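Observations on chain architecture
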Amino acid sequence: RDYNEKFQYASNCIKTSKYNIVTFLPVNLFEQFQEVANTYFLFLLILQLIPQISSLSWFTTIVPLVLVLTITAVKDATDDYFRHKSDNQVNNRQSQVLINGILQQEQWMNVRVGDIIKLENNQFVAADLLLLSSSEPHGLCYIETAELDGETNMKVRQAIPVTSELADTSRLAQFDGEVICETPNNKLDKFSGTLYWKENKYLLSNQNMLLRGCVLRNTEWCFGLVIFAGGGPHGRTKFKRTSIDRLMNTLVLWIFGFLVCMGVILAFGNAIWEYKVGARFQMYLPWDTAVDSAAFSGFLSFWSYIIILNTVVPISLYVSVEVIRLGHSYFINWDKKMYCAKRRTPAEARTTTLNEELGQVEYIFSDKTGTLTQNIMVFSKCSVHGRSYGDVQDMLGHKAELGECPEPVDFSFNPLADPRFRFWDAGLLAAVQLGNPHVHEFFRLLSLCHTVMSEEKNEGELYYKAQSPDEGALVTAARNFGFVFRARTPKTITVHELGHAITYQLLAILDFNNVRKRMSVIVRNPEGKIRLYCKGADTILLERLHPANLELASITTDHLNEYAGEGLRTLVLAYKDLEEGYYGDWAERLRRASLAPDAREDRLARLYDEVEHDMMLLGATAIEDKLQQGVPETIAILTLANIKIWVLTGDKPETAVNIGYSCKMLTDDMTEVFVVTGHTVLEVREELRVSSLPHWKAREKMMDGSRSMGNGFSCQEKLCSSKLTSVLEAIAGEYALVINGHSLAHALEADMELEFLETACACKAVICCRVTPLQKAQVVELVKKYKKAVTLAIGDGANDVSMIKTAHIGVGISGLEGIQAVLAADYSFSQFKFLQRLLLVHGRWSYLRMCKFLCYFFYKNFAFTMVHFWFGFFCGFSAQTVYDQYFITLYNIVYTSLPVLAMGVFDQDVPEQRSMEYPKLYEPGQLNLLFNKREFFICIAQGIYTSVLMFFIPYGVFADATRDDGAQLADYQSFAVTVATSLVIVVSVQIGLDTGFWTAINHFFIWGSLAVYFAILFAMHSNGLFQMFPNQFRFVGNAQNTLAQPIVWLTIALTTVVCIMPVVAFRFLKLDLKPELSDTVRYTQLVRKKQKAQHRCMRRVGRAGSRRSGYAFSHQEGFGELIMSGKNMRLSSLALSSFATRSSTSWIETLRKKKSGDSSNASSPSCGADKTLKV
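Computed from a predicted structure; not experimentally measured.

So, on to the pattern of salt bridges. Overall, the coordinates contain 42 salt bridges when judged by the stated rule. Between K18 and E31 there is a salt bridge, and its shortest N-O distance comes to 3.6 Å. With a gap of 13 residues between them, K18 in the loop between helix 1 (2-5) and helix 2 (24-32) and E31 in helix 2 connect regions that are remote in the sequence. With a relative accessible area of 27%, E31 lands in the partly exposed category. The residue R569 makes a salt bridge to D470 at a minimum N-O spacing of 3.0 Å. Of this pair, R569 sits in strand 24 (residues 569-578) while D470 sits in helix 12 (residues 469-480), placing them 99 residues apart in sequence.

Moving on, we get to the sheet that holds strand 30 (residues 790-795). Across the sheet, which stays open at both edges, the nine strands sit in the order 13-32-31-30-14-26-29-28-27 with mixed pairing between neighbours. Of all the strands in the sheet, just strand 13 (348-349) and strand 27 (672-676) have a single pairing partner and so form its edges. As paired strands, strand 27 and strand 28 (residues 735-739) are joined by five bridges and run parallel to one another. Bridge pairing links V676 to I739 in strand 28. Those strands touched by helix 24 (residues 773-787) are strand 14 (361-366), strand 26 (644-648) and strand 30, and its axis lies near 170° from that of strand 14.

To continue, consider the nonpolar core. Across soluble globular proteins, nonpolar side chains show a tendency to be buried alongside one another. With 98 residues, the main nonpolar core has F853, L854, Y883, F887, F931 and L983 as its most contacted residues. If you tally residues by element for this core, the top one is helix 27 (residues 834-872), at 18 residues. Among all residues touching L983, those that are not within four sequence positions of it are A863, F864, Y883, F887, Y891 and M950.

All right, on to the packing of helix 11 (residues 437-448) against helix 12 then. Packing of helix 11 against helix 12 leaves a shortest axis separation of 8 Å and a crossing angle of 130°. Here helix 12 runs oblique to helix 11, going by the angle between their axes. Crossing angle aside, the handedness with which helix 11 passes helix 12 is left-handed. Of the residues in helix 12, those touching helix 11 at F443, L446 and S447 are L474, V475, A477 and A478. Partitioned by chemical class, the residues of the contact of helix 11 with helix 12 number six nonpolar, one polar and no charged.

You can see L823 is positioned in helix 26 (residues 820-824). Using a relative accessible area of 47% as the deciding quantity, one classes L823 as partly exposed. As for L823 and V811, which are separated by 12 residues in sequence, their C-alpha atoms are 9.8 Å apart.

This part covers helix 27. With 39 residues, helix 27 extends 56 Å between its outermost C-alpha atoms, agreeing within 8% with the 57 Å of an ideal straight helix rising 1.5 Å per residue. A maximum bend of about 30° is found in helix 27 at G843. Taking burial as the measure, the 39 residues of helix 27 include 38 buried ones, the bulk of the element.

In the structure shown here, the tally under the stated rule is 61 aromatic pairs. Centroid distance Y363 to F365: 6.4 Å. Interplanar angle 15°. Geometry classified as stacked. Put simply, the rings of F869, W870, F871, F873, F874, F877, F951, F952, Y955, F958 and F975 pair up and form one aromatic cluster. Over the ring of F857 we find K860, and its NZ or CZ is 4.3 Å from the ring centre.

A cluster of nonpolar side chains, namely I265, F873, F874, F952 and Y955, defines an oily patch on the protein surface of about 450 Å² accessible area. Within the element layout of this structure, Y955 appears in helix 32 (residues 933-960).

Turning to the sheet that holds strand 25 (residues 616-627), a few remarks are in order. As summarised here, the arrangement of the nine strands in space is 16-15-25-24-23-22-21-20-19, forming an open sheet in which the pairing is antiparallel. With partners counted over all chains shown, the strands left at the sheet margins are strand 16 (387-389) and strand 19 (483-488), one partner each. Sheet twist, expressed as the average angle between the axes of neighbouring strands with direction ignored, equals 30°. Here three bridges tie strand 15 (residues 373-384) to strand 16, and the two strands are oriented antiparallel to one another. Residue pairing in the sheet places S383 in a bridge with S388 of strand 16. In the packing of helix 12 onto the sheet, the strands contacted are strand 15, strand 19, strand 22 (518-524), strand 23 (530-536), strand 24 and strand 25, and the crossing angle to strand 15 comes to about 45°.

Interaxial distance between helix 9 (residues 316-334) and helix 27 falls to 11 Å at its minimum, and their mutual angle equals 160°. Taken together, helix 9 and helix 27 sit at an angle that is classed as roughly antiparallel. For the pair helix 9 and helix 27, the sense of crossing is right-handed. The segment helix 9 lies against helix 27, with S316, L317, S320, V321, I324, R325, H328, F331 and I332 engaging L838, H842, S846, R849, M850, F853, L854, F857 and F858.

Attention now moves to helix 17 (residues 631-640). Judged by how many residues are buried, helix 17 sits mostly within the fold: seven of 10 residues are covered. Among all positions in helix 17, only V631, P632, T634, I635, I637, L638 and T639 are buried. Backbone geometry just downstream of helix 17 places N642 in the positive-phi region, at approximately 65°.

It is worth spelling out unusual backbone geometry at this point. Backbone geometry follows two general trends: most residues other than glycine have a negative phi, and most peptide bonds adopt the trans configuration. Even without being a glycine, E199 presents a positive backbone phi close to 60°. Judged by relative accessible area, which is 84%, E199 ranks as exposed. Backbone geometry places F877, a non-glycine residue, at a positive phi of 55°. Looking at the element boundaries, F877 is found in the loop between helix 27 and helix 28 (885-895). On the basis of relative accessibility, which here comes to 10%, the residue F877 falls in the buried class.

Extensive coverage of strand 24 is indicated by the burial of eight of its 10 residues. When strand 23 meets strand 24, the two strands line up antiparallel, connected through seven bridges. If you follow C534 over to strand 24, its bridge partner there is A574. Relative to strand 25, strand 24 is paired through seven bridges, and the arrangement is antiparallel. Residue pairing in the sheet places L573 in a bridge with G619 of strand 25.

Across all of its chains, the model carries zero disulfides by this definition. C449 provides the cysteine sulfur closest to C534, a residue in no disulfide bond, and the two sulfurs are 6.4 Å apart.

Looking at the protein, the pLDDT average stands at 81 and 84% of residues meet or exceed 70. The secondary structure element of the protein with the lowest average pLDDT is helix 39 (residues 1119-1125), at 28, and the one with the highest is helix 11, at 95. Confidence drops under pLDDT 50 across residues 1159-1175; counting only partners more than four residues distant or on other chains, this segment forms 57 contacts.

Before going further, it helps to spend a moment on the environment of P547. Mapped onto the elements of the fold, P547 is located in the loop between helix 13 (538-541) and helix 14 (550-565). Separated by 68 residues in the primary sequence, P547 and M615 have C-alpha atoms spaced 9.1 Å apart.

About the cut-offs
- Residues numbered from 1 in each chain as written.
- Predicted model: local features only at pLDDT ≥ 70, side-chain atom pairs only at ≥ 80, totals over all residues.
- Heavy atoms only, no water.
- Salt bridge = Lys/Arg side-chain N within 4 Å of Asp/Glu carboxyl O.
- Helix = DSSP H or I, 4+ residues; strand = E, 2+ residues; numbered from the N terminus.
- Buried < 20%, exposed > 50% of the residue type's maximum accessible area, 1.4 Å probe, protein only.
- Pairing = 2+ DSSP bridges.
- Contact = heavy atoms within 4.5 Å.
- Axes fitted to C-alpha atoms, helices over the stretch in contact; angles between N-to-C directions.
- Core = buried A, V, L, I, M, F, W, Y, C linked by side-chain atoms within 4.5 Å.
- Parallel < 35°, antiparallel > 145°, perpendicular 65-115°, else oblique.
- Left-handed = near helix turned anticlockwise from the far one by under 90°.
- Nonpolar A, V, L, I, M, F, W, Y, C, P; charged D, E, K, R; others polar.
- Expected span 1.5 Å × (residues − 1).
- Bend = angle between axes of the 7 residues up to and from the residue.
- Phe/Tyr/Trp six-rings, centres within 6.5 Å; stacked < 30°, edge-to-face > 60°.
- Lys NZ or Arg CZ within 6 Å of the ring centre and 35° of its normal.
- Patch = residues over 30% accessible without salt bridge, like charges linked within 9 Å, V, L, I, M, F, W, Y side chains within 5 Å.
- Areas by Shrake-Rupley, 256 points an atom, 1.4 Å probe, with all protein chains shown as cover.
- Disulfide = S-S within 2.5 Å.
- pLDDT = per-residue confidence, 0-100.

Spelled out as structure tokens, the structure:
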């Protein structure tokens, strides 16, 4: 320890918390004041402390500010408390550390680099360790890495032979080796280092390492040397913001600019008034001592009005938005219809900041395996030495017809067979029993060439732990056909071949990776013969075969194409005999390459490539990965919602295309499916241009048309762009694009990416095959960059993480490939079909609620604040407020906060069933119709209109009004009470009109807020408060006296009616003349309810006469074709949504074309092609 301390290695204490008791207040406040809004209100508070300019008490700003800061601080403190709790739980775990030759209990946080630790079975690994020795033979140990990558399969690790003998503490205490290795990084599958001990050096790899967070399994004990301490590197997650967030920030800046403009106008007014009028009243309205001119008075008035009018940018806006998002997240978490009972997995919103963006998605990028499919692999077919096995056979050995249910193959002869395995072709078992040497060698390869771990709990009960479902399926198939993988050590593999135990010497494993796309083992059989067995992707292995295999390779390729056409995952199997002398030379070169200090991986790859040539073909396997339940229906409905789905997969094109047909992405109705497989830039460019030929022709036709219109104005270009978009929309649904990984690499180059995007966006379906994780992220980034559309990526494996992080929204499927995708995602659930509900119900509702909330919020604050602006023209621009300061303080945090929160959390336009039945309802979110700059200005205009009436109607009435006793009514406080009461009633009625879905909570909050307003109003004007605080509550009985006058209530009623009636009239006319689709759906729902009620009445009464109906005459043309295409088989009303809304969605169509035209001008002429409206 003393020696290692001088290097100042990282401590093993982890710290994910941000604060402690001392630093919490300053650090948290510093973070909160980095928000522009909080800093702005702090600035206002400072202004209010200056007596010369403050016309409001300081508490009107400090109360809301402190409330917001407190709520945020409590939330941050709670989060940090749980982080502290988690840190302490981990740091205080106990570990046995070898100190001065004695094992001592130490907390994890006290473990140091260079310590030797003893681990026992089922214990967590305290730090990154170099395995020195274990209780198992050959220094083996078994670990589970679920906390690192989510995989529950056991993995094997092995100590290097020279340290595996250090099994007791006395010998370990004398261990004085020195390790030189790479710096800590986030690569879980790679490690490079060297151990120097006793004047020798030994290569260290990932197979010798136990990483922190792993659990020791099936191993009594092991010793390890701490290489790295601490929690390891933590990548900084990119913070995702929604488009509404970005728009809101822009609007707040605009509002601030508007505020400054109003302040300038009123300041000029003050200066002019003081110069022309105020100078005459200096005797009894003298200027303050600091004011020496009308201009300086105007300058001070500017700051006073900035304080008074600051409520146009309410501080409660940001807190309210977060509360609403939190509520939406809980709705997702609590949704029982997104709960998978089989896996006991609920849906989870892992972020609260992106919910409304779920209602605006235009592109979905999906992985295939484990996302669209179940990732439960079943050995389905195989090709052995030119003969295909696996077709379902009837009793006579003929291929079974559709509908027949033959018996599966009987494996009762094999006591070690897996009872869950099913195979339908008895011919393969017969070939095994007849001793066919090719079939025997085929299954021998499957039982030897893998990295599966075998566990035997009871005699004959084998459990395989495979790193991938594919490997498990292949080894299980070999097991059932009599080649049972039984056990392995670092140097041997034991297989029971047709009942005989045979042990093979394992000489080398040439492991699989994404570049090699193959795996090999070199074994020596009991007769001493050395053989290499290899399995891998057909594109790789077929070019590494011996020339003598040409005919067999041709037959096997036909079988592979047949299997891929059925959507099966294929592998090719081959072997090669090695001479003893050659192998000895190759093994020595391999040893030297593995010890090389630099370019080690490149040297090893070259040696692997050398030995894996001139192999003999054995055959091929085909594994079935079935579609998840509900995938075709989900894709069909999402397509009707105008969402484009691109599949990005590592599978071969044939398999991916077949899955595309299975899940209804590709259909036989398509004009053509373009396949791009070019190997060079020129080939890919040519194939893309052939694919986009119909679209180029459309463009040329439009260009010719625009030129023929003559006269050379620049509007020709606009006409061309907008009309071209509509032509591309008309043909976009007829094509699909399939592109290979090596072609995609060229297509994503800077000079070709736009051409690729243009072609892809003009196609209804896009499938990218054989793609790497990086390419997945690049495709998503390309669409984000040029289309300006909201993207969603969904996947289930570690290879999908980069794509999930790149997209606007990442969704993780908690499947069989671990939880790395889930950990990187913003949302997670267990089945692809839940995506439909996440977007069409939760996403659409979240977007709708947030938009309605923002529209109402800006409206009510402008209506509230602008009254001060109008009053300025009647009070000599003196910065006198209309309302009393308590009303100003409580308006946003008490009187109007809860009703708008209830609407933002609970509102809905149509029920969830209708949201699923009518996918077209999703389109307003994609087009950003419900809250944009235009809607914002409409809300502001309505707020200003309300404020004008709110001020001038009471002002006009009060000019000549008298009380019941004949006294003048027009005093300042009576006017303030009347305007304030009118305002609260008007905004309460307005939110009642805006609320589309009433709950008990809405009623309670809206009418409760009104009741609270009157209760507080009467309390503040009561005699009791005046006696306690005579300087604060001076106007005793004002509210009671004012509201006792009938003319005041008539004024309030008139103001309310005049403010609300235009809104009601406009909405009525819009509903009648130009209804939205949601209005049509609601109307349809009401009609159905009435028809059901009438039908029940008619059934009770009974009816004689003809049973014929007029239903046949209500059909619309094209329904028969729709039924024949199968697109309406999900829901009967699904088709209804696609044709019943033609008239009501014409405005959406027009806007979509306009938007497409704008985006195509901004990026490329063809990018508008994806804005297709499918009706």
